Amino acid sequence: MLSLDEEASRATQMLSGRALSHVRRFKATEVLLEFEDGTRLYIDSASTLELSITTNAKPDGSCPSDD
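As a convention, each chain's residues are numbered from 1 in the sequence order in which they are written. Under the rules for a predicted model, residues below a pLDDT of 70 receive no local features and side-chain atom pairs below 80 are neither given nor counted, while totals for whole chains, interfaces and linings still include all residues. Derived side-chain values reflect all non-hydrogen atoms in the structure, with water molecules and hydrogen atoms excluded from consideration.

Enquirer: Describe the side chain of Thr 29, and please don't skip the residues or the numbers.
Expert: Here a strand is any run of E in DSSP of at least two residues, a helix any run of H or I of at least four, and the numbering for each starts at the N terminus. Tracing the backbone shows Thr 29 in the loop between β1 (20-24) and β2 (30-35). By relative accessible area, Thr 29 is classed as buried at 19%. Should any heavy atoms of two residues lie within 4.5 Å, those residues are counted as being in contact. Those residues in contact with Thr 29, other than ones at most four positions away along the chain, are Ile 43, Asp 44, Ser 45, Ala 46, Ser 47, Thr 48 and Leu 49. Think of it in three bands: with a 1.4 Å probe and only protein chains considered, a residue is buried below 20% of the maximum accessible area for its type, exposed above 50%, and partly exposed in between.

Enquirer: Which residues make up the pattern of salt bridges, and what are the values?
Expert: Two side chains of opposite charge can pair, provided their charged atoms sit close to one another. Any carboxyl oxygen of Asp or Glu within 4 Å of a side-chain nitrogen of Lys or Arg constitutes a salt bridge here. Inspection of every chain in the model, using the stated rule, returns three salt bridges. A salt bridge links Glu 34 to Arg 24; the nearest nitrogen and oxygen atoms lie 2.6 Å apart. One end of the pair, Glu 34, is in strand β2; the other, Arg 24, is in strand β1, with ten residues separating them in the sequence. Given the relative accessible area of 32%, Arg 24 is considered partly exposed. When the shortest N-O distance is used, the salt bridge between Arg 40 and Glu 34 registers 3.0 Å. One network of salt bridges, with partners in common, ties together Arg 24, Glu 34 and Arg 40.

Enquirer: Go over the pairing of strand β3 (residues 40-44), please, and point to the residues and values.
Expert: In this sheet, β3 lies alongside β2 in antiparallel orientation, the contact comprising five bridges. Residue pairing in the sheet places Leu 32 in a bridge with Tyr 42 of β3. When DSSP finds at least two bridges between two strands, those strands are taken to pair. Here β2 hands over to β3 after four residues, with Gly 38 in that stretch at a positive phi of 95°.

Enquirer: I'd like a rundown of the pairing of β2, residues and numbers included.
Expert: The buried fraction of β2 is high, at six of six residues. Sheet topology note: the β1/β2 ladder contains four bridges and is antiparallel. Paired with Val 23 across the two strands is Leu 33, which belongs to β2. In textbook terms, the turn of a hairpin is the stretch between consecutive antiparallel strands, and for β1 and β2 this stretch comprises five residues.

Enquirer: So what's going on with the side chain of Glu 30? Residues and values would help.
Expert: In this fold, Glu 30 is placed in strand β2. Among buried Asp, Glu, Lys and Arg side chains, Glu 30 stands out as unpaired, with Lys 27 the closest opposite charge at 4.0 Å. Nitrogen and oxygen atoms within 3.5 Å of one another constitute a polar contact, given that in protein one can donate a hydrogen and the other can accept it, and given that sequence-neighbouring residues count only through two side-chain atoms. Here the side chain of Glu 30 touches Tyr 42 through a polar contact of 2.6 Å, side chain to side chain. If sequence neighbours within four positions are ignored, Glu 30 has contacts with Arg 24, Arg 25, Tyr 42, Ile 43, Asp 44 and Leu 49. Only four residue types enter the tally: Lys and Arg on the positive side, Asp and Glu on the negative side, with His and both chain ends excluded.

The structure is reproduced here in structure tokens:
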């Protein structure tokens, strides 16, 4: 069985370079990330999942490093 760190590393490798297309919520306990190439990441929990998104992007969508 993989450790949590190994599982996270494997997921990072598998999703590296893929472009996110949609985030879908069918229930408060589910999150589905759909990528442009058809790859899907499904997250399911016994309890409600809260999404938290943080970014360094400016209001125009550019990043501070784009200057």
